[in-house]
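The primary structure of each chain is shown beneath.
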Amino acid sequence: MFRNFTQVVDYARKLETKDLIVANPEDRSILIAINDAFQMGLIRPVLVGDKKKILDLLMELGIRKNGYEIYNAVDSKDAALVSVKLVSKHSNAILMKGHLQSNILLHEVLDKEHGLKMDSLLSHIGVLDIPNYHKLIFIADAVMNILPSEKEKMEIIDNTFKFVNSLGIYKPKIALISAVEVVNENIRSTVEARNIVEKLKDSDDFYIGGPFSVDIAVSHESAKTKGINHVVAGDSDILVFPNIEAANTFYKSTTFLANSTAAGLLLGASNPIVLTSRADSYKSKLYSIALAVVSTDIL
Ligand code: COD
């Protein structure tokens with residue numbers, strides 16, 4: 001069971017080296033993270049983007065280009081297309097989003113001809129190490145699914161549970177997040193949470209509760225004050241948010257205001273996909289790569 005990102009990196013170092021194919025790596029923090037992962041033996045870097053700019057940046061950062069495979073791309077869309085095509089040819093490869101908009105890459109990932117989509121729904125998992133919380137917390141979906149339906153939320157829960165469970169977290173506690181803990185027919189997420197909990201509450205694989213406001217999900221004190229006595233309350237492993245705005249706001253608030261470290265991956269595709277925000281730190285990028293390497297081993 002991984003309790004922090006250092007343990008994830010240590011485990012990844014023991015595994016077989018993977019090809020990491022990066023769309024648009026023309027960014028200092030991305031290149032430093034990739035090079036550190038390369039030096040640790042986690043990955044072999046394959047870079048797709050503006051070749052001259054990449055070489056200039058590598059030189060500026062004092063990184064030798066030996067061991068790097070570099071393909072030129074004319075723009076972000078081309079870089080996304082070439083990267084996805086390269087990844088689709090290697091079952092052992094990892095795709096990473098570099099310095100480009102998420103939807104440009106996701107569009108290519110979803111392409112029926114050359115993409116990485118299988119039968120399942122693709123969803124994002126954000127892993128947060130928050131100094132104020134007693135364990136890693138997993139959040140879905142801050143990046144991919146804009147306003148998932150009730151059925152799609154069930155698929156997101158399935159993707160997320162499988163991933164979290166494979167990291168050694170036995171019977172994770174899943175909280176369905178909304179603004180309040182009581183069902184209000186005018187707040188769709190409370191109604192959906194009630195329905196989902198009704199369907200999944202007898203699962204032997206995980207504990208599930210909701211609707212919960214975030215404070216109930218992560219604070220025993222708050223749950224007690226509000227009269228909520230539930231195994232998930234105050235001790236959640238997984239927060240499932242109602243929509244991308246809520247999840248993304250939580251993800252970025254905790255990283256930029258609460259000194260948290262985040263890692264992010266896309267789940268449900270044929271290959272692991274590292275998907276962090278362009279503004280995420282160098283460490284976030286390194287930890288996300290390590291998590292992707294580990295996920296090729298465990299999923
Ligand atoms: N999983 C599997 N298949 C999917 C998914 C999914 N999550 N989403 C769409 N598909 C399939 C559809 O069924 C369809 O067959 C095909 O893919 C295309 O679907 P569209 O028309 O909805 O695809 P797009 O390209 O218009 O939109 C897909 C995006 C993922 C780009 C879109 O949902 C999006 O913009 N998401 C938000 C990305 C973003 O900007 N995040 C910001 C945070 S960093």
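Computed from a prediction, not measured in an experiment: that's the story for all the values here. (Residues numbered from 1 in each chain as written. Predicted model: local features only at pLDDT ≥ 70, side-chain atom pairs only at ≥ 80, totals over all residues. Heavy atoms only, no water.)

Draft legend 1. Expanded view of the site of the ligand. With respect to spatial proximity, 15 residues lie near the ligand, and among them His107, Leu122, Val143, Met144 and Asn145 are the closest. Contact distances for the ligand include 2.9 Å between a nitrogen atom and a side-chain N or O atom of asparagine 145. Its free accessible area being 870 Å², the ligand has 62% of it covered by the protein chains. Contributions of two or more residues to the shell around the ligand are made by helix 5 (102-109) and helix 10 (244-257). It is helix 5 that contributes the most residues to the shell around the ligand, 4 residues altogether. (Near = heavy atom within 4 Å. Polar contact = N/O pair within 3.5 Å; in protein donor to acceptor, adjacent residues only side chain to side chain. Areas by Shrake-Rupley, 256 points an atom, 1.4 Å probe, with all protein chains shown as cover. Helix = DSSP H or I, 4+ residues; strand = E, 2+ residues; numbered from the N terminus.)

Draft legend 2. View of the environment of proline 272. Structurally, proline 272 is set in the loop between strand 10 (261-267) and strand 11 (273-274). By relative accessible area, proline 272 is classed as buried at 13%. For the pair formed by proline 272 and leucine 20, sequence separation is 252 residues and the distance between their alpha carbons is 9.8 Å. Discounting residues that sit within four places of it in the chain, proline 272 has contacts with Ala93, Ile94, Leu95, Ala292, Ser295 and Thr296. (Buried < 20%, exposed > 50% of the residue type's maximum accessible area, 1.4 Å probe, protein only. Contact = heavy atoms within 4.5 Å.)

Draft legend 3. Region of the structure containing the environment of serine 123. With respect to the secondary-structure elements, serine 123 resides in strand 5 (residues 123-129). Expressed as a C-alpha distance, the spacing of serine 123 and leucine 267, which sit 144 residues apart in the sequence, is 5.3 Å. With residues up to four places along the chain from it excluded, the contact list for serine 123 reads Asp141, Met144, Asn145, Ile156, Asn159, Leu265, Leu266 and Leu267. Of the polar contacts made by the side chain of serine 123, one reaches the side chain of asparagine 159; its length is 2.9 Å.

Draft legend 4. Just the packing of helix 4 (residues 76-88) against helix 5, in detail. It is the contact of helix 4 with helix 5, at a shortest axis distance of 9 Å, that shows an interaxial angle of 40°. Crossing geometry of helix 4 relative to helix 5 is assigned as right-handed. Residue-level inspection shows Ser76, Lys77, Ala80, Leu81 and Val84 of helix 4 in contact with helix 5, the latter providing Ile104, Leu105, Glu108 and Val109. Its residues placed into classes, the contact of helix 4 with helix 5 shows 6 nonpolar, 1 polar and 2 charged. (Axes fitted to C-alpha atoms, helices over the stretch in contact; angles between N-to-C directions. Left-handed = near helix turned anticlockwise from the far one by under 90°. Nonpolar A, V, L, I, M, F, W, Y, C, P; charged D, E, K, R; others polar.)

Shape is all these values report; function is a separate question.
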